[in-house]
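Residues per chain are reported as follows:
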Amino acid sequence: MIVITTPTGQIGSRLLEILLDEKPTPDAELRVIVRDPGKLPERVRARVDVVVGSHGDPGVVDRALSGADAVFWLVPGDPGAPSLDAVYSGFTRPAAKAFTARGVGHVVGVSSLGRGTPVAGRAGHVTASLAMDDLIGSTGVAYRALANPPFMDNLLWQVVSIRDDGVFTGTGIADLAAPIVATRDIAAAAADLLIDRTWTGADEVPVVGPEELSPEDMARIMSGVLGRPIRYVQQSLEDLRAGMSAHGAGGAIVQGYVDMARAANEGLYDGVPRTPGSTGPTTFHEWCELVLAPAVRA
């Protein structure tokens, strides 16, 4: 039994597709925890066991982990949360107890790169995510944290601006190259770990794309794929704070993003160990062709 959280999200939905096609044994069971089963494709609902509710709810997660051998763990965003600890470790504590109580053997989680860098302790959401990893690891379950840089897919939030104005924004320094990754590659890495559970102990597994790119590099690639000029505009940290606050995010969440953005420009993602096992296959050019261009042209 493999339990999947966030099965309708960018990573969880792709992971579910992979596991449905490549289940480790013909009789392997898949279970999902989902607030709204109606968001699952009909073909998926017919092939998985569905537990309705939040995987932060102690009763829901305890019920969902009954008989579970492995779990895919990803915490959802919560813009109104009172603290970053509440978003990550607080949300995870009921599951951490259930991992032990239900005898779960393996957990694969989604986390961040940055551990061991000088800025890791003041990197907002990243710092809180790493603390969540430590919490899960302390239960004694075999745990692998997928340590990721920013997602290529985050650009989908700016489809309208890219399409209408030829502009995308961010807080990264325009000519500073850094790792990025496609969510499809994170899902594939999670599937590999959930299918072949010969690993033990607690550790992290970096998942990065095959190249490091600056925002200016990304603008050049997008321009080529979309066939029109796309430019990058760097946003100040105060602009980021004002924009998120205007959209209703709470103070602790906004500060967490500001701190993470500042840390990224100060070396949070430096020194990524790039090996065949940590490098996903999807280039930014390929992602633009497969994902961004169809979204822009829709």
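Residues numbered from 1 in each chain as written. Predicted model: local features only at pLDDT ≥ 70, side-chain atom pairs only at ≥ 80, totals over all residues. Heavy atoms only, no water.

Caption draft 1: Local environment of the environment of M1. You can see M1 is positioned in the segment before strand 1 (2-4). A C-alpha to C-alpha distance of 29 Å links M1 and P276, two positions 275 residues apart in sequence. When residues no more than four places from it in sequence are discounted, the contact partners of M1 are E29, L30, R31, G67, A68, D69 and A70. (Helix = DSSP H or I, 4+ residues; strand = E, 2+ residues; numbered from the N terminus. Contact = heavy atoms within 4.5 Å.)

Caption draft 2: Looking closely at the nonpolar core. Within the largest apolar cluster, 31 residues are counted, with the highest numbers of intra-cluster contacts made by I4, L15, L16, L19, F72, L146 and L194. At the level of secondary structure, the elements contributing two or more residues to this core comprise strand 1, helix 1 (10-21), strand 2 (30-34), strand 4 (70-73), strand 5 (106-112), strand 6 (142-148) and helix 7 (183-195). It is helix 7 that provides the largest number of residues to this core, a total of seven residues. Leave out the neighbours within four places in its chain, and I4 touches G12, L15, L16, L19, R31, V32, I33, F72 and L194. (Core = buried A, V, L, I, M, F, W, Y, C linked by side-chain atoms within 4.5 Å. Buried < 20%, exposed > 50% of the residue type's maximum accessible area, 1.4 Å probe, protein only.)

Caption draft 3: Just helix 4 (residues 84-101), in detail. If you check helix 4, its first and last C-alpha atoms are 26 Å apart, about what 18 residues at 1.5 Å a residue would give, namely 26 Å. Of all bends in helix 4, the biggest is about 40°, found at R93, and the proline P94 comes one to four residues later. Structurally, helix 4 contributes buried residues whose contacts are with helix 3 (58-64), strand 4, strand 5, helix 5 (125-137) and helix 10 (251-265). Backbone geometry just downstream of helix 4 places G103 in the positive-phi region, at approximately 70°. (Expected span 1.5 Å × (residues − 1). Bend = angle between axes of the 7 residues up to and from the residue.)

Caption draft 4: The pattern of salt bridges, seen in detail. Counting across every chain of the model gives 11 salt bridges. One salt bridge connects D134 with R115, and the closest N-O pair in it is separated by 3.2 Å. Here D134, found in helix 5, pairs with R115, found in the loop between strand 5 and helix 5; they are 19 residues apart in sequence, far enough to count as distant. Across the pair D217 and R220 runs a salt bridge whose closest N-O atoms are separated by 3.7 Å. Highlighted residues: D217 and R220, both in helix 8 (residues 215-226), separated by three residues, approximately one helical turn. Judged by its relative accessible area of 53%, R220 is exposed. Each of R115, D134 and E204 takes part in one network of salt bridges that share partners. (Salt bridge = Lys/Arg side-chain N within 4 Å of Asp/Glu carboxyl O.)

Caption draft 5: Structural view of the environment of E216. If you trace the backbone, E216 turns up in helix 8. Residue E216 is classed as partly exposed on the basis of its relative accessible area, which comes to 45%. A sequence separation of 155 residues divides E216 from V61, and the C-alpha atoms of the two residues are 43 Å apart. With near-sequence residues (within four places) excluded, E216 lies in contact with A174 and D175.

Caption draft 6: Looking closely at unusual backbone geometry. The backbone of T6 shows a phi angle near 45°, a positive value even though the residue is not glycine. Tracing the backbone through its elements, the reader meets T6 in the loop between strand 1 and helix 1. Residue class for T6 comes out buried when judged on its relative accessible area of 15%.

Caption draft 7: Spatial organisation of the side chain of H55. The topology assignment puts H55 in the loop between strand 3 (49-52) and helix 3. A polar atom in the side chain of H55 sits 2.8 Å from the backbone oxygen of L74. Setting aside its immediate chain neighbours within four residues, H55 contacts T5, T6, I33, V61, W73, L74, V75, P76 and F91. (Polar contact = N/O pair within 3.5 Å; in protein donor to acceptor, adjacent residues only side chain to side chain.)

Nothing here speaks to function; it is all geometry.
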